[in-house]
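Summary of the model geometry
Okay, here's what each chain looks like letter by letter:
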Amino acid sequence: MLSTEAREDLKTDCSFEEIQRISQSLKKIKSWKVLSKKQVDDFIETKLFSQYTAHV
């Protein structure tokens, strides 16, 4: 959620609908699953590489 100060700043520049849309977007971003570089590397080396070799 936005801080109170950020909301007050937005109220002067944005409509209520725009503020609601921004707030909803921030909630969605917080729910994203963030992976570490090691997890991504492991996925590439195991899952993707094995799929690639199976199709080659």
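Residues numbered from 1 in each chain as written. Predicted model: local features only at pLDDT ≥ 70, side-chain atom pairs only at ≥ 80, totals over all residues. Heavy atoms only, no water.

1. Overview of the overall build of the protein
The following threshold applies: Here a helix means four or more residues in a row that DSSP labels H or I, a strand means two or more in a row labelled E, and each is numbered from the N terminus. Relative accessibility decides the category of a residue: with a 1.4 Å probe and only protein chains considered, values under 20% of the type maximum give buried, values over 50% give exposed, and everything between is partly exposed. Computed with the Shrake-Rupley method and a 1.4 Å probe, the accessible areas treat only the protein chains shown as cover for residues.
Broken down by element type, the protein carries 3 helices and 0 strands. Reading the protein from its N end, one meets helices and strands in the order α-α-α. By the burial criterion, 7% of the 56 residues in the protein qualify as buried. Accessible area for the protein stands at about 5,200 Å²; split by element, carbon and sulfur atoms hold 59% of it.

2. With respect to the pattern of salt bridges
Where we set the bar: Every case where a carboxyl oxygen of Asp or Glu lies within 4 Å of a side-chain nitrogen of Lys or Arg is listed as a salt bridge.
Summed over the entire model, instances satisfying the criterion amount to 2 salt bridges. K37 is paired through a salt bridge with D41; the nearest N and O atoms lie 2.9 Å apart. Residue K37 and its partner D41 are located together in helix 3 (residues 37-55), separated by 4 residues, close to a single helical turn. The exposure class assigned to K37 is exposed, which follows from its relative accessible area of 62%. In this structure, the salt-bridge partner of K38 is D42, at a minimum N-O distance of 3.1 Å. Placement of both K38 and D42 in helix 3 is noted, with a separation of 4 residues, approximately one turn of the helix. In this structure K38 comes out as exposed when scored by relative accessible area, which is 57%. Taking relative accessible area as the criterion, D42 reaches 34% and is therefore assigned partly exposed.

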